[in-house]
Amino acid sequence: MTGASPAIRVLVVEDDPVAADAHQLYVDRVPGFTVAAVARSRAEASRLLERTDIDLILLDLYLPDGHGLQLLRSLRAGGHQADVIAVTSARDLAVVREGVSLGVVQYVLKPFTFATLRDRLTRYADFRAAAGEASGQDEVDRALGALRSPQPASLPKGLSAPTLEAVTRTLRASATGLTAAEAGAELGISRITARRYLEHLVGNGCAERSPQYGQVGRPELQYRWVTGAR
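The structure presented is a predicted model; accordingly, all values stated were derived computationally and were not measured.

1. Remarks on the packing of aromatic side chains
The geometry of an aromatic ring pair comes down to the distance between the two centres and the angle between the two planes.
And then number 1: Throughout the structure, instances matching the rule amount to 1 aromatic pair.
And then number 2: Sitting above the plane of the Phe114 ring, Arg29 keeps its charged end 3.9 Å from the centroid.

2. Thoughts on helix H3 (residues 68-77)
And then number 1: All of the buried residues along H3 are Gly68, Leu69, Leu71, Leu72 and Leu75. For H3, the arc enclosing every buried residue in end-on projection is 150°, short of the 170-degree limit, so these residues lie on one face.
And then number 2: Once H3 ends, the next one or two residues include Gly79, with phi positive near 85°.

3. What to know about the environment of Leu63
And then number 1: By secondary structure assignment, the location of Leu63 is in strand S4 (residues 62-63).
And then number 2: When the C-alpha positions of Leu63 and Asp15 are compared, they lie 6.2 Å apart, and in sequence the two are 48 residues distant.
And then number 3: The residues contacting Leu63, other than those within four sequence positions of it, are Val13, Asp15, Ser41, Arg42 and Gly68.

Rules and cut-offs
- Residues numbered from 1 in each chain as written.
- Predicted model: local features only at pLDDT ≥ 70, side-chain atom pairs only at ≥ 80, totals over all residues.
- Heavy atoms only, no water.
- Phe/Tyr/Trp six-rings, centres within 6.5 Å; stacked < 30°, edge-to-face > 60°.
- Lys NZ or Arg CZ within 6 Å of the ring centre and 35° of its normal.
- Buried < 20%, exposed > 50% of the residue type's maximum accessible area, 1.4 Å probe, protein only.
- Helix = DSSP H or I, 4+ residues; strand = E, 2+ residues; numbered from the N terminus.
- Arc of directions from axis to C-beta.
- Contact = heavy atoms within 4.5 Å.

Printed below as a string of structure tokens:
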């Protein structure tokens, strides 16, 4: 009986300590991946890559001692073949094209949710798992297609992106969490509507819920933003 495939070893390169912790938390929550190291600068990343086996780099492009693509160019010149997922706020398509030429297999724009990164990592794992000789063009296309994201998923019927953004901001700003009634009152929407959005966030791994006791009758559900969610 063969053992499970080894975990994909990830280097997180991110100078913001809060974001670095969040990215590490996200990666470690995805089965089949493990964070091997975290670097806060281009120089630290280079040193780590010299002594640590890395399969995938989660790379912020804006680093305090140089652009992330400068790091990537030096790695490629040195023969390092680790794949790269760029995690960045950069939206310049010229930068995107250069990154692709240097081996960036995915881009994740900040801010993002755990579900977004989980999708990209899962797709990368599927792409990496493809092995052997392709029987034809269709099989090659399927292997490459694993890296492509589907069309943006539509929200469940009845939910709107602006209201979801408002609910998200309100929940993140609450240190103690909110009930659906409290969120609804703050946003000027009904408790039922607020609860639909809050449950959507729970389903995406961005929020968690727990019963709030101490009241007469059925306890209210308290919703809290998940630490590290983006």
